[in-house]
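What the coordinates show
What follows is each chain in one-letter form.
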Amino acid sequence: MDEDGDGLFDAPSDAASGESEARIERPRPGAPLAVRMRPANLDEVVGQEHLLRSGAPLRRLVEGSGAASVLLYGPPGTGKTTLASLVSHSTGRRFEALSALSAGVKEVRAVIDLARRRLTAGEQTVLFIDEVHRFSKTQQDALLAAVENRIVLLVGATTENPSFSVVSPLLSRSLVLQLQPLTDDNITTLLRRALTDPRGLDDRYTVTDDAMAHLVAIAGGDARRGLTALEAAAEAAPSSEISLELVEASIDRAAVRYDRDGDQHYDVTSAFIKSMRGSDVDASLHYLARMITAGEDPRFIARRLVILASEDIGMADPTALLTATAAASAVQMIGMPEAQLALAQATIHLATAPKSGSVTSGLGAAMADITAGKAGLVPAHLRDGHYAGAQKMGNAIGYRLPHKDPDGVLPQQYPPDELVGVDYYTPTDHGLEREIGRRVEKLRRIVRLRRS
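This one's a predicted model, so the numbers in the text were calculated from it and none came from an experiment.

1. A closer look at helix α18 (residues 340-352)
- Taking 1.5 Å of rise per residue, 13 residues should cover 18 Å, and α18 covers 18 Å from first to last C-alpha, within 8% of that figure.
- For α18, the complete set of buried residues consists of Leu343, Ala344, Ala346, Thr347, His349, Leu350 and Ala351.

Put into structure tokens, the structure is as follows:
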């Protein structure tokens, strides 16, 4: 569930600013660190450069020159609600926030009625809806007229792909802007700012390098999570130094020895792949858990699963590729942490599946022949015959359509002359390939006119 609306990115519902630069009111001094360090203007927003560069739609919207409704799609803690609040504080705009978890059609219509009255006084209302993907079709439909007529400027936040969770009419009336997970450098910048900023810890603490690295890993691209962990460590600190041991003790989570840019990244990834290839499901889950706990990019893990499904399993279990690609799709659609279960399911499937390298070796052998120059002419009867003059050139003459044969397969030359009789695909005796191997041999005998 996206928690952007809790803390770091909360905004007052009735604030309006007359300044040309969008600003957010200061939170109370006793508020959580994540709230106190909420970006007060565009200059303090970290990350999302692709959306905030000069002239970009979101920047124009924040600066008050844009008028299109937007759907902000991205992982938790990346700034969806902060950006919505900055939009609301542009000149002459009022801010109203609804959560799809608690608001119904009645609440939506009440906000629209209020916005309509404000519009007659020259004030535009920004309606922010957190977790808009949880709105029913009826609730989303209730917004259509107000969005189309610009009675409200809708800013919706969602962790799910709007193409699958938002009704088409509302989708077509809004700009879909995808926020990216914050990088480790982004998180480090935010944590160091919180250490020194008067709104934050005001230089009362220092953080050791290994403690900072652990805080960044814990954040996993989520600004709120990182700031909350820092505050917990600071509250538990007996002195001004925050050490790794203190961070571990204060948040009850051991540091994972894993550097996403160093040797551990490659070592753990290698062990993960080799454990699945070796059919050790328990070791595979161990290394998967290490990568997830350390904050590895789930898209990287998903790519490795998809590759292994064809490289090391292939036709021994063709459904392995379907499971791997489904897990990759789940990562894209729902994000972490929920998608970790899909990654685990795919890991178990691939680790326990029968193994075969025949796809890899078959393609490799074929490509080696191409590299060696064995790429002769396409047989004349297989060439394209759908253009004027093709038959005069001898193209497509003599081609036999397999569908006309009772068995659906008949003798005919398919490869170039110099590759007739060459076998590239060599099925193993593992899993489904045991049956596929028998079928391949039968097909080759028919196609090549061989007799057993």
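2. What to know about the pattern of salt bridges
- With the rule as written, the count across this model stands at 18 salt bridges.
- Glutamate 44 is paired through a salt bridge with arginine 199; the nearest N and O atoms lie 3.1 Å apart. Taken together, the positions of glutamate 44 in the loop between α1 (33-36) and α2 (49-52) and arginine 199 in the loop between α10 (184-196) and β6 (206-207) put the pair 155 residues apart, joining distant regions of the chain. No difference in accessibility class separates glutamate 44 from arginine 199, as the two residues are buried.
- Here glutamate 96 makes a salt bridge to arginine 118, at a shortest N to O gap of 2.9 Å.

3. Here we look at the environment of aspartate 267
- Residue position: aspartate 267 is located in helix α14 (residues 263-277).
- By relative accessible area, which is 46% here, aspartate 267 ends up partly exposed.
- It is 10.0 Å that separates the C-alpha atoms of aspartate 267 and tyrosine 287, two residues lying 20 residues apart in sequence.

4. Section: the confidence of the model for the protein
- The share of residues in the protein with pLDDT of 70 or more is 88%, and the mean pLDDT across the chain is 82.
- Within the protein, the lowest mean pLDDT, 76, falls on helix α4 (residues 80-88), and the highest, 95, falls on α18.
- Across residues 1-24, confidence stays below pLDDT 50; counting only partners more than four residues off in sequence or on other chains, it has 88 contacts.

5. A closer look at the sheet that holds strand β3 (residues 124-130)
- Taken together, five strands build an open sheet; the order of strands is β2-β3-β4-β1-β5 and the sheet is parallel. This sheet does not close on itself; its edge strands, each paired only once, are β2 (93-99) and β5 (174-178). Within this sheet the neighbouring strands show an average axis-to-axis angle of 20 degrees, counted without direction.
- The sheet contact formed by β2 and β3 spans seven bridges and is parallel.

Thresholds applied
Residues numbered from 1 in each chain as written. Predicted model: local features only at pLDDT ≥ 70, side-chain atom pairs only at ≥ 80, totals over all residues. Heavy atoms only, no water. Helix = DSSP H or I, 4+ residues; strand = E, 2+ residues; numbered from the N terminus. Expected span 1.5 Å × (residues − 1). Buried < 20%, exposed > 50% of the residue type's maximum accessible area, 1.4 Å probe, protein only. Salt bridge = Lys/Arg side-chain N within 4 Å of Asp/Glu carboxyl O. pLDDT = per-residue confidence, 0-100. Contact = heavy atoms within 4.5 Å. Pairing = 2+ DSSP bridges. Axes fitted to C-alpha atoms, helices over the stretch in contact; angles between N-to-C directions.

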